[in-house]
Amino acid sequence: MSSSVPPSPGPDLRGELLGRRYRLDELIGWGGMASVYAAADLHLGRRVAVKVIHPEHARTEMQRRRILQEATLGARLDHPNTMLVFDLGEEEGPHRERWIYLTMPLVKGGNLRHVLLDGPVAWRRAVEFARQLLAGLAALHRAGALHRDVKPENCLMSRIDGREHLRLGDLGLAKAAPGLLSLAPVSVSGALLGTHTYLSPEQARGLALDERSDLYSAAVVLFELLTSQPPFSGGYLDLLNAHVSAEPPSPRVLAPLAGIPASIEAAVLRALEKNPADRYATAEQFVAALGAAASAQSLEDGVEGACSTAHAGCEAAQASLAAWTRFEYELAHGEATRAARLNPAWSPLRLMMDGLADG
């Protein structure tokens, strides 16, 4: 074992062999409850990550049940935007302490906190991160569980085929319904769990939670990606009070040079509503709203480019998109129809507005 002590509250296990299989080589992450090591799987000849729970967090029956739940959820959630768990094991340490560990894929790209530290994030890139985060949450919610600790540090990054890929990790605070894979949403109440900057109002008040609580936390993450700062800051009590009663600022005002579309801002602010009933009902709905807003912005950019060459129907096309951003869908549909009548090149715009009108 290495003689140097890592900056972790847990024991230094570098060089240890767990389960006569996993050689812990490098400490790559740590928190109050566990340390994570890059390790070698000597049976299968591959690199893995091993999360070792600190012994003081694996003593009680409740603590051990939480660890088993994290491992079971991770093993059964077969989704590209969640963190798979390969194995769960237990080892006795030299002082008869118990080392419980989970083995997972080794993700080498850091997490969203590292992305934020690199500087401002372009709004389209931020929306893509949010889309993947919400896809992971949707899979978790379909399994009848809540994450309860959505934050940049728990969004692990890698590259697959040259593209940035996000996996939602750390299910240590997840709450699962009885039976684990029930399709019904789970409600929990009482405990104030999670990271204060990303708590939902109902978490801050100790009320019952459902999946909309996770959506609020995801919206805080997206807000931070768009503006380089969370909607609320301050000490513990200041943050709790802000989540419960303060209105979030406008992302477009906080980051005027970021080019954030009004429709993207509207989607984020809806997910940050104090009353869960005023938010999106599901992660899929939040994803759909972000996708529609991004697609409409691409179309608007195309309209502006086309109008710069004075095509017929430009005025009606611009009026249609302006009405769309104000959620005046009937007017948007009418103007798009007029634009297409003046110039068939605007037919794709009319088709998009037809879909809105039908909805």
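What you see is a predicted model; the values in this text were computed from it and never measured. (Residues numbered from 1 in each chain as written. Predicted model: local features only at pLDDT ≥ 70, side-chain atom pairs only at ≥ 80, totals over all residues. Heavy atoms only, no water.)

A short note on the overall build of the protein chain
Each helix and strand counted, the protein chain has 12 helices and 10 strands in total. When the 359 residues of the protein chain are sorted by exposure, 50% land in the buried category. Taking the intrachain contacts of the protein chain between residues at least 6 apart in sequence as the baseline, contacts between residues at least 24 apart amount to 56%. When the accessible surface of the protein chain is split by element, carbon and sulfur atoms take 53% of a total near 16,900 Å². (Helix = DSSP H or I, 4+ residues; strand = E, 2+ residues; numbered from the N terminus. Buried < 20%, exposed > 50% of the residue type's maximum accessible area, 1.4 Å probe, protein only. Contact = heavy atoms within 4.5 Å. Areas by Shrake-Rupley, 256 points an atom, 1.4 Å probe, with all protein chains shown as cover.)

Considerations on the confidence of the model for the protein chain
The predicted coordinates of low-pLDDT regions are not to be read in fine detail. In this model, the protein chain carries an average pLDDT of 84, and 86% of its residues clear a pLDDT of 70 or more. Least confident of the elements in the protein chain is strand β10 (residues 175-176), whose mean pLDDT is 59; most confident is helix α5 (residues 211-227), at 97. Low pLDDT, under 50, characterises residues 1-5; the predicted model gives this stretch 10 contacts beyond four residues in sequence or across chains. Ignoring residues within four places in sequence, the model shows residues 177-192, a span with pLDDT below 50, making 41 contacts including any to other chains. (pLDDT = per-residue confidence, 0-100.)

As for the pairing of strand β6 (residues 98-105)
Extensive coverage of β6 is indicated by the burial of seven of its eight residues. Where strand β4 (residues 46-53) lies against β6, six bridges are found, and the strand directions are antiparallel. Its bridge partner lying in β6, V50 is registered against T103. Hairpin remark: strand β5 (residues 87-92) followed by β6, antiparallel, with five residues in the connecting loop; positive phi at R96, about 65 degrees. (Pairing = 2+ DSSP bridges.)

Observations concerning the packing of helix α3 (residues 123-142) against α5
At a minimum axis distance of 10 Å, the contact between α3 and α5 shows a crossing angle of 165 degrees. One finds that α3 runs roughly antiparallel with respect to α5. Both α3 and α5 take part in a crossing whose hand is right-handed. Residues W123, A126, V127, F129, A130, L133, L134, L137 and H141 of α3 touch α5, and the partners they reach there are E211, D214, L215, A218, V221, L222, L225 and L226. Grouping the amino acids of the contact of α3 with α5 by side-chain chemistry returns 14 nonpolar, one polar and two charged. (Axes fitted to C-alpha atoms, helices over the stretch in contact; angles between N-to-C directions. Parallel < 35°, antiparallel > 145°, perpendicular 65-115°, else oblique. Left-handed = near helix turned anticlockwise from the far one by under 90°. Nonpolar A, V, L, I, M, F, W, Y, C, P; charged D, E, K, R; others polar.)

Notes on the sheet that holds strand β1 (residues 17-18)
If you trace the six strands from one edge of the open sheet to the other, you get β1-β2-β3-β4-β6-β5, paired in antiparallel fashion. One side of each edge strand has no neighbouring strand; the edge strands of this open sheet are β1 and β5. Seen against the sheet, helix α1 (residues 61-76) touches β4, β5 and β6 and runs at an angle of roughly 15 degrees to β6.

A closer look at the nonpolar core
Grouped together as the largest cluster of nonpolar side chains are 60 residues, with contacts concentrated most on L112, L133, I264 and L290. Element by element, the count of residues in this core is highest for α5, at 10 residues. Setting aside anything within four residues of it in sequence, one finds I264 in contact with W123, V127, L226, L290, A293 and A294. In terms of nonpolar packing, the next biggest core, distinct from the first, is built from 12 residues, L27, Y37, A39 and W99 among them. (Core = buried A, V, L, I, M, F, W, Y, C linked by side-chain atoms within 4.5 Å.)

So, helix α11 (residues 329-342)
The end-to-end C-alpha distance of α11, which contains 14 residues, comes to 20 Å, matching closely the 20 Å that a straight helix rising 1.5 Å per residue would cover. Listing the buried residues of α11 in full gives A332, E335, A336, A339 and A340. Looking straight down α11, one finds that the buried residues subtend no more than 140 degrees of arc, so they occupy a single side. Exposed side of α11, more than 90 degrees from the buried face: E330, R341 and L342 are the residues found there. (Expected span 1.5 Å × (residues − 1). Arc of directions from axis to C-beta.)

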